[in-house]
Amino acid sequence: MDADVSDSPGTPADPDRPDSADSPAGEGRTKGSRETSDAAPQDDAAPAAPAAPEEGGDGTWGARPERDPGQRRRHWLRWTALAASFLVLIAAGAGWWLYKKLDGNITTDTSAAAELKAYEKDRPLPIARDAQNILLIGSDTRSGDNRAYGRDDGGSQRSDTTILLHLAADRKSATAVSIPRDLMAEIPSCHTADGKATREQFAQFNWAFELGGTACTIRTVEKMTGIRVDHHMVIDFSGFKDMVDAVDGVEVCLKKPVDDADAHLKLPAGRQKLDGEEALGYVRARKSIGNGSDTERMDRQQKFLGALVNKMQSNGVLLNPTRLYPVLDAATKSLTTDPGLDSLRDLYDLVRGMRNVPTDQVQFLTVPRQSYRADANRDELVQPAADQLFTALREDEPVAVVPAGELNSGDSQADHSSEKDSSGQKPGDTDASPTPAPTYSGSNAAEDPCGS
């Protein structure tokens, strides 16, 4: 204890000693203590009045006021708020980093956008406001990571799978129409990668992608259907595999065992879950599953995509950021899009618009076609069924899809209308409802892969 601090009156401090914070007597003073320098002047002859002793004495810990409990709570609240703010900043930084990573994964196809702009006057005008038509192209390139799936002939690109996805304006239905790679189509004059112009020709559909890339494929689809393509996405083999793995596999059902060395596929019969590598072989196999036709392969692809959509919705992937991130990471790493879909925000808006579509209203079908008369190894459109389908999609009208066995028509892809509509009124009635929607053979995402 300092010499000038006592529990009882004593000799006054040396008047020559400075009363400052630098002096020993200044140490240990508490707020509100009275110092010699602050007191009123005293008469030198009069002795100092004895100070009343206080419990604990001036300058001791006992003299300190007890801390207010409310003040203690405010102290901890301040620290809690500071810690929470720090955690929020960390989370925001991590979220921003993840966003930029996913956003940077996407490749923008600026060349296709420039090519389409040059031919804008030849393209169909959009009719149904708020409806969207997106062309999905599965790239069959054998370069880079895809060399394992076939011979690389210099990295040439092919469209192994092409699907026109129509999203209804009210977002209550989605219709995915497969376009056969061997379908004979009018391919317009396009520009190759080195800038050379190709001649307009009637050839199999997937030549358009090999000749002029995405822009040529889009123009070929628009010429065939009269439907304006709003956006496009190109995804390669590795991206498809990673997406399946990201949702922990997809269930399929096989009637017979499969052993296909070319497709890297060996599976038993029955219900089973496929990982990414197996799924890729399953949707690409030609000769080892079913009758070996491209028709059967497209049907298998549609059902697999339906099962994938069903799993993403039923397991809450689209609503669970923790589960959605791996799917988005896998998709964006192998995704090439037009400038209108080249950001994570654009893709999120697209997915958000689809997540409330009932799975039984996510429909898959193949454009009505039959064997080409001049070459049985090629396809041609079945009319007027094909044009009726294209008109319905173009004008955002409903399309009904049922299993092929339920159609009354002998043509597996022909349109079908019943004698009565859903209201029970017969054609010709004055107040009859509009003509029922054309019906096509196909599937929807709610169907069980084993049909049970």
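For the structure itself, consult the block above.
Residues numbered from 1 in each chain as written. Predicted model: local features only at pLDDT ≥ 70, side-chain atom pairs only at ≥ 80, totals over all residues. Heavy atoms only, no water.

Visitor: Is there a simple way to think about the nonpolar core in this case?
Guide: Side chains of nonpolar character tend, in soluble globular proteins, to be buried together. In terms of nonpolar packing, the biggest core is built from 32 residues, with Phe240, Val250, Leu265, Leu274, Tyr282, Phe304 and Met312 touching the most fellow members. Elements supplying a minimum of two residues to this core: helix 4 (237-246), strand 8 (250-254), strand 10 (265-267), helix 5 (276-284), helix 6 (294-314) and helix 7 (321-333). A per-element tally of this core places helix 7 first, with five residues. In contact with Met312, other than residues within four places in its own chain, are Val247, Val317, Leu318 and Val327. Counting 30 residues, the second-largest nonpolar core is a separate cluster that includes Val221, Leu365, Ala386 and Leu393. (Core = buried A, V, L, I, M, F, W, Y, C linked by side-chain atoms within 4.5 Å. Buried < 20%, exposed > 50% of the residue type's maximum accessible area, 1.4 Å probe, protein only. Helix = DSSP H or I, 4+ residues; strand = E, 2+ residues; numbered from the N terminus. Contact = heavy atoms within 4.5 Å.)

Visitor: What exactly am I supposed to notice about empty space enclosed by the protein here?
Guide: With a probe scaled to a water molecule rolled over the atoms, the places where space remains empty come into view. Overall, the coordinates contain three cavities of 30 Å³ or more when judged by the stated rule. A volume near 1,100 Å³ is recorded for the largest cavity. Lining the largest cavity are 40 residues, with Leu136, Met233, Met243, Leu305 and Leu308 positioned closest to its centre. Among the elements that make up the lining of the largest cavity, the one with the highest residue count is helix 6 (six residues). Of the residues contributing to the lining of the largest cavity, the split by class is 30 nonpolar, six polar and four charged. (1 Å grid on protein atoms, 1.4 Å probe; cavity = no way out; pocket = protein on both sides within 12 Å on 5 of 7 lines; lining within 4 Å. Points joined across faces, edges and corners; volume = space filled by probe spheres on them. Nonpolar A, V, L, I, M, F, W, Y, C, P; charged D, E, K, R; others polar.)

Visitor: How do you make sense of the packing of aromatic side chains when you look at a structure like this?
Guide: Note on aromatic pairs: each is described by the distance of the centres and the angle between the planes. Applying the stated criterion across every chain yields a total of three aromatic pairs. When the ring of Tyr282 is compared with that of Phe304, the centres are 6.2 Å apart and the planes differ by 50 degrees; the resulting orientation is tilted. Of the two residues, Tyr282 sits in helix 5 while Phe304 sits in helix 6, which places them 22 residues apart along the sequence. Here Tyr282 and Phe304 have matching classes, each one buried. (Phe/Tyr/Trp six-rings, centres within 6.5 Å; stacked < 30°, edge-to-face > 60°.)

Visitor: Explain the state of the cysteines here, please?
Guide: Defined simply, a disulfide is a covalent bond joining two cysteines at their sulfur atoms. One pass over the structure, following the stated rule, counts one disulfide. Between the sulfur of Cys190 and that of Cys216 lies a disulfide, 2.1 Å long from S to S. In this structure, the disulfide formed by Cys190 and Cys216 twists by about 75 degrees around the S-S bond and is classed as right-handed. One end of the pair, Cys190, is in the loop between strand 5 (184-187) and strand 6 (201-204); the other, Cys216, is in helix 3 (residues 207-225), and 26 residues separate them in sequence. Here Cys190 falls in the buried class, since its relative accessible area comes to 1%. (Disulfide = S-S within 2.5 Å.)

Visitor: What should I look at first to understand unusual backbone geometry in this one?
Guide: Negative phi values dominate among residues other than glycine, just as trans dominates among peptide bonds. Between Gln383 and Pro384 the backbone carries a cis peptide bond, its omega angle lying at 5 degrees. Note that Pro384 resides in the loop between strand 15 (375-381) and helix 9 (385-394). The phi dihedral of Asp130 is positive, around 75 degrees, even though this residue is not glycine. Inspection of the secondary structure assignment puts Asp130 in the loop between helix 2 (110-118) and strand 2 (132-139).

Visitor: Can you walk me through the side chain of Thr175 in this structure?
Guide: If you trace the backbone, Thr175 turns up in strand 4 (residues 174-178). Residue Thr175 is classed as buried on the basis of its relative accessible area of 5%. Not counting residues within four places of it along the chain, the set of residues in contact with Thr175 comprises Leu164, Leu165, His166, Gln363, Leu365 and Leu393.

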